[in-house]
Amino acid sequence: MKISTRNIAAKDASSDLLVVDASTAVKLLKPYKLDGALANASDAAGTTTTVALPSNAKAKKLICVAVGGKDRGAADFRKAANEAAKAVKSAGGTSVAWGLSQTVVKGLSVAEKAQMAVTALASELYWYDEHQAGNAKDKSAKRPNRITLLCDERSAKASRAAARYGEALSAGMDLARDLGNEPPNICNPTYLASEARKIARAEKTTLKVLSEKQMLELGMGAFMSVSQGSDTPGKMIIIEYKGGKRGDAPVALVGKGITFDTGGISLKPGAAMDEMKFDMCGAAGVLGATRAVIDAKMPVNLITIVAAAENMPSGGASRPGDVVKTMSGQTVEILNTDAEGRLVLCDALTYVQRYKPKAVVDVATLTGACVVALGSHATGLLANNDDLADELLECGEQTGDRAWRLPIWDEYQPQLKSNFADMANIGGREAGTITAACFLSRFAKDMAWAHLDIAGTAWNSGVRKGATGRPVALLTAWVASHAK
Ligand code: BES
Ligand code: MN
Ligand code: ZN
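Residues numbered from 1 in each chain as written. Chains lettered and ligands numbered in written order. Predicted model: local features only at pLDDT ≥ 70, side-chain atom pairs only at ≥ 80, totals over all residues. Heavy atoms only, no water.

## Observations concerning the site of ligand 1
Rules: Here, proximity means that at least one heavy atom of the residue falls within 4 Å of the molecule or strand. Two N or O atoms count as a polar contact when they lie within 3.5 Å, although within protein this holds only if one can serve as hydrogen donor and the other as acceptor, and sequence-adjacent residues are included solely when both atoms are side-chain atoms. Every accessible area reported is derived by Shrake-Rupley at a probe size of 1.4 Å, with residue values counting cover from the shown protein chains alone. For this classification, Asp, Glu, Lys and Arg are treated as charged, while Ala, Val, Leu, Ile, Met, Phe, Trp, Tyr, Cys and Pro are nonpolar and the rest, including Gly, are polar.
Around ligand 1, 16 residues are found, and the nearest of them are Lys268, Asp279, Asp338, Glu340 and Gly368. With respect to ligand 1, the side chain of Asp338 contributes an N or O atom lying 2.8 Å from an oxygen atom. The contact in question runs from a nitrogen atom of ligand 1 to an N or O atom on the backbone of Thr365, over 3.3 Å. Protein contacts shield 76% of the accessible area of ligand 1, which totals 520 Å² for the unbound molecule. A breakdown of the residues in the shell around ligand 1 according to their chemical character gives 5 nonpolar, 4 polar and 7 charged.

Below you can see the structure in the form of structure tokens.
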């Protein structure tokens, strides 16, 4: 999606579709005499009215979106933007102009409005038909792919910056969704490494991929216990982006990249098992955010690590009762081979410490319990550092990609007690999301660390089955907040 800005009035925008705030439409488009056409439009936030413009108009169709009454806030505008994006999709056309500068919203700058508009359009206009007959690039030509943000003199600079950011973010979200949606016979650890290689072609960026042999040498016994059951070799994928000052400590993102989770010997039930292709959405999220950060040329040092493996049952797979040694030296009794995410992540968390990051965020579709606790609206957030947790919560609010914090108090740690190793890999029926994070916290003791459990937010089930692109917006905003 190409996003640009223009300092012109709404009436002068020539595009297939023109989006404006309903409360200003009649006035802004006075020459087109829309009073009659728009007379019956409701002014409840999110209501859209699509009308054809007269032939003397520059644009073809107008989408009026109600943003709400006098004290309209960020939530109203977000709702309006999402509804407008839906109207854009159904109206058809290839170019959209969106008038933002006349839309006054409490507490929102032009840049913030621009970002919301762009994310709404990017999310709504995404589609995936890679493996369907008739998937054709010619169809792509009929979808809006050129967005113009209309601004005035005063907001021109901020709008341009927002457009650049929005373009990078939408590319990152699209990448995360594509990777998530890709079938598991194609999207395996090797595929994730080749996608990372594409990202690492950019300036100031390097890629390192650890093979199973190298991981064995590093002592990553927990990672290998998962990977050993699959014929497809696991990979530890590391992208180093040096956009910041030399010597500035990096921020780090670590993603769970289980490209298919059968549960292993603790085999999952069959129903909806296909959705376990989405078990690499943590990896997709951190790769998407990395793509956005690099595309936007953010002045920040970033380390991204993807722990990529397939969790399969086989003659080589690990058994319940196996004891393995992690790279940290701590031992783990594997009581359930389906709690594999924490096993690949713990070794990645030990590995990332060599970069001395100022903060680390891991992202994982880690527990079904998180879906029970928070459903599909909030990502679970657990952290050993209050400042870091607050930063992430704030970025979630700002982007609409929200998270909610759960505790990791010491009182939960005894649930991980094992009779045969330093810890077990499961903590029993109670507080499954918390005990999973407690497990990870034992590998993140000496750093500011947060964990995002995206089991409920990374994909939709049912007729809208597909990856959502979350939490790319949250992560990108967080990395941006560390850029300078
Ligand atoms: N990938 C799953 C978590 C999951 C399940 C995410 C369903 C989204 C929907 C993870 O590897 C897993 O299997 N977790 C187990 C942990 C349990 C064995 C302690 C779970 O949640 O049941
Ligand atoms: Mn599992
Ligand atoms: Zn899993």
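## Concerning the coordination of the manganese ion (ligand 2)
How we decide: Note: metal donors comprise N, O and S atoms at 2.8 Å or less from the metal (3.2 Å for Na, K and Ca); water molecules are not included, so apparent gaps in a site are possible. The geometry test gives tetrahedral to four donors whose angles all lie between 85 and 135 degrees, gives square planar to four donors and octahedral to six donors whose opposite members are over 155 degrees apart with all other angles between 65 and 115, and gives irregular to the rest. Secondary structure is summarised from DSSP: a helix means a run of H or I of at least four residues, a strand means a run of E of at least two, and numbering begins at the N terminus for each.
Around the manganese ion (ligand 2), the protein contributes the donor atoms Asp261 (OD), Asp338 (O), Asp338 (OD) and Glu340 (OE), which lie 2.0 to 2.2 Å from the metal centre. The coordination sphere of the manganese ion (ligand 2) comprises 6 donor atoms, whose angles at the metal cover 69 to 168°; the geometry is irregular. Here the donor residues of the manganese ion (ligand 2) are spaced in sequence according to D-x76-D-x1-E. In this model, the manganese ion (ligand 2) sits 3.1 Å from the zinc ion (ligand 3), the two metals being bridged by Asp261. Taken together, the positions of Asp261 in strand S9 (residues 251-261) and Glu340 in the loop between strand S12 (331-333) and helix H11 (341-352) put the pair 79 residues apart, joining distant regions of the chain.

## A word on the packing of aromatic side chains
Using the following cut-off: Only Phe, Tyr and Trp rings are paired, with Trp represented by its six-membered ring, and only when their centres lie within 6.5 Å; those with planes under 30 degrees apart are stacked, over 60 edge-to-face, the remainder tilted.
As enumerated under the stated definition, the model contains 4 aromatic pairs in all. On the numbers, 5.1 Å between centres and 15° between planes, the contact of Phe278 with Trp459 is stacked. Of the two residues, Phe278 is situated in the loop between S9 and helix H10 (281-295) and Trp459 in strand S18 (residues 459-460); the sequence distance between them amounts to 181 residues. Ring geometry for Phe439 against Phe443: centres 5.4 Å apart, planes inclined by 35°, an arrangement best described as tilted.

## Details of the pattern of salt bridges
Put simply, the test is: Put simply, a salt bridge is a Lys or Arg side-chain nitrogen that is within 4 Å of an Asp or Glu carboxyl oxygen. Only protein chains enter the area calculation, which uses a 1.4 Å probe; residues under 20% of their type maximum are buried, those over 50% are exposed, and those in between are partly exposed.
All told, the structure shown has 20 salt bridges when counted by the stated rule. With its nearest N and O atoms 2.8 Å apart, the salt bridge here joins Asp274 to Lys465. A residue pair is termed long-range when its members are at least 10 positions apart, and Asp274 in the loop between S9 and H10 and Lys465 in the loop between S18 and strand S19 (466-467) qualify at 191 residues. The partly exposed category is assigned to Asp274, whose relative accessible area is 38%. With its nearest N and O atoms 3.0 Å apart, the salt bridge here joins Asp322 to Arg319. Assessed through its relative accessible area of 15%, Asp322 is described here as buried. One network of salt bridges, with partners in common, ties together Lys11, Asp12 and Lys58.

## Some words on the sheet that holds strand S1 (residues 2-6)
What counts is decided by this rule: Paired strands, in this sense, are two strands between which DSSP finds at least two bridges. For helices, the fitted axis covers only the stretch in contact; all axes are lines through C-alpha atoms, and the angles between them, taken along N-to-C directions, range from 0 to 180 degrees. Here a residue-residue contact requires only that any non-hydrogen atoms of the pair lie within 4.5 Å.
Strand order in the open sheet formed by 6 strands is S1-S6-S5-S2-S4-S3, with mixed pairing between adjacent strands. Only two strands of the sheet have a single neighbouring strand rather than two, namely S1 and strand S3 (48-52). On average, each strand axis in the sheet is tilted by 20° relative to the strand beside it, whichever way the strands run. Bridging between strand S5 (residues 95-99) and strand S6 (residues 146-150) involves 5 bridges; their strand directions are parallel. The partner of Ser95 across the bridge, within S6, is Arg146. Together, strand S2 (17-21), S3, strand S4 (61-65) and S5 form the strand contacts of helix H3 (residues 74-91), whose direction differs from that of S4 by roughly 155°. Sheet contacts for helix H4 (residues 110-125): S1, S5 and S6; angle to S6, the most-contacted strand, approximately 160°.

## Quick look at the layout of surface pockets
We apply this condition: In this analysis the probe radius is 1.4 Å and the grid spacing 1 Å, with only protein atoms considered; a cavity is a set of points the probe fits into but cannot get out of, a pocket is an open set with protein on both sides within 12 Å along at least five of seven lines, and lining residues have an atom within 4 Å of a point. Grid points are joined across faces, edges and corners, and a volume is the space filled by probe spheres set on the points. Either an automatic procedure or a domain database provided the assignment from which the domain bounds are taken.
Each pocket or cavity is described by its volume, and for the largest pocket that value is around 1,600 Å³. Lining the largest pocket are 45 residues, with Ser123, Arg177, Asn460, Arg464 and Thr468 sitting closest to its centre. Counting residues per element, the ones that place at least two in the lining of the largest pocket are H3, H4, helix H6 (156-181), helix H13 (386-399), S18 and S19. With 8 residues, the single largest contributor to the lining of the largest pocket is H3. For the lining of the largest pocket, the class distribution of residues is 13 nonpolar, 16 polar and 16 charged. When residues of the lining of the largest pocket are assigned to domains, at least three fall in each of domain 1 (2-178) and domain 2 (182-481).

## A word on empty space enclosed by the protein
Applying the stated criterion to the full structure yields 3 cavities of 30 Å³ or more. Roughly 80 Å³ of volume is contained in the largest cavity. Forming the boundary of the largest cavity are 14 residues, of which Ser225, Val226, Asn311, Ser318 and Thr337 lie nearest the centre. Of the residues contributing to the lining of the largest cavity, the split by class is 6 nonpolar, 7 polar and 1 charged.

## Considering the domain arrangement of the chain
One frequently used descriptor of interface size is the decrease in accessible area upon assembly of the parts. Note the threshold: What counts as buried area is the accessible surface, traced by a 1.4 Å probe, that two parts surrender upon association, with contributions from both included.
Under the domain assignment, the chain is made up of domain 1 (2-178) and domain 2 (182-481). Once you take the C-alpha centre of each, domain 1 and domain 2 turn out to be 35 Å apart. Between domain 1 and domain 2, the contact holds 15 residues from the first and 26 residues from the second. Looking at the side of domain 1 facing domain 2, the largest losses of area belong to Tyr165, Leu175 and Ala176, adding up to 32% of the total buried there.

## Details of the nonpolar core
Where a protein is soluble and globular, its nonpolar side chains tend to be buried together. What counts is decided by this rule: Think of a nonpolar core as a cluster: buried Ala, Val, Leu, Ile, Met, Phe, Trp, Tyr and Cys residues, connected wherever their side-chain atoms sit within 4.5 Å.
Core analysis: the largest hydrophobic core is formed by 58 residues, its most contacted members being Leu192, Leu253, Val361 and Trp478. Counting 47 residues, the second-largest nonpolar core is a separate cluster that includes Val324, Val360, Ile434 and Trp449.

## Side note on unusual backbone geometry
Backbone phi values are negative for most residues with the exception of glycine, while trans is the configuration of most peptide bonds. Of note, the amide linkage connecting Arg470 to Pro471 takes the cis form, showing an omega dihedral of 0°. Along the polypeptide, Pro471 turns up in the loop between S19 and helix H15 (472-481). For Ala431, which is not a glycine, the phi torsion comes out positive at approximately 55°. Tracing the sequence through the fold places Ala431 in the loop between strand S16 (423-424) and helix H14 (432-441).

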